[in-house]
Amino acid sequence: METIDLSPRYSTKDIPGKCIKCLAEQELNNCLRVLLTDEEDNKETQQRFEMLVSFLKSPESKKLRDESERFLAEGKQVTLKIHLEDDKSDYELEVD
């Protein structure tokens, strides 16, 4: 399974930004649309959907969202990587 990368950013007058939670919800909705309209059994999209639900329900999501907001306020670029490890979702915050 591939890694899900979510890169939050602040809003500017030209570009609307989104937090990690908003990006995860947007990606979740995209997966749901595919699952509802696709006639084939799409295991990869289903797994992606489950990883996003797991992240949004996890107690770590608020902590990671707060950390990313702090780094964004410092002018740094942030990427949240969500991946499966031993059939469990794992979250990693990368800061550049």
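Residues numbered from 1 in each chain as written. Predicted model: local features only at pLDDT ≥ 70, side-chain atom pairs only at ≥ 80, totals over all residues. Heavy atoms only, no water.

## Focus on helix α1 (residues 20-37)
So, point 1. Its 18 residues give α1 an end-to-end C-alpha distance of 26 Å, which sits within 8% of 26 Å, the value for a rise of 1.5 Å per residue.
So, point 2. Of all the positions in α1, only Ile20, Leu23, Ala24, Leu28 and Cys31 are classed as buried. On an axial view of α1, the arc spanned by its buried residues comes to 135 degrees, and they lie on one face. In α1, the exposed positions that point more than 90 degrees away from the buried face belong to Arg33, Leu36 and Thr37.
So, point 3. The inward-facing, buried residues of α1 contact β1 (4-6), α2 (43-57), α3 (60-73), β2 (78-85) and β3 (88-95). (Helix = DSSP H or I, 4+ residues; strand = E, 2+ residues; numbered from the N terminus. Expected span 1.5 Å × (residues − 1). Buried < 20%, exposed > 50% of the residue type's maximum accessible area, 1.4 Å probe, protein only. Arc of directions from axis to C-beta. Contact = heavy atoms within 4.5 Å.)

## Let's talk about the packing of aromatic side chains
So, point 1. As enumerated under the stated definition, the model contains one aromatic pair in all.
So, point 2. The interplanar angle of 65 degrees and the centroid separation of 5.2 Å between the aromatic rings of Phe55 and Tyr91 together place this pair among those described as edge-to-face. Note that Phe55 is positioned in helix α2 and Tyr91 in strand β3, a separation of 36 residues in sequence. Pair check on accessibility: Phe55 and Tyr91 agree, each one buried.
So, point 3. Arg70 extends its terminal NZ or CZ atom over the ring of Phe71, reaching a point 4.5 Å from the ring centre. (Phe/Tyr/Trp six-rings, centres within 6.5 Å; stacked < 30°, edge-to-face > 60°. Lys NZ or Arg CZ within 6 Å of the ring centre and 35° of its normal.)

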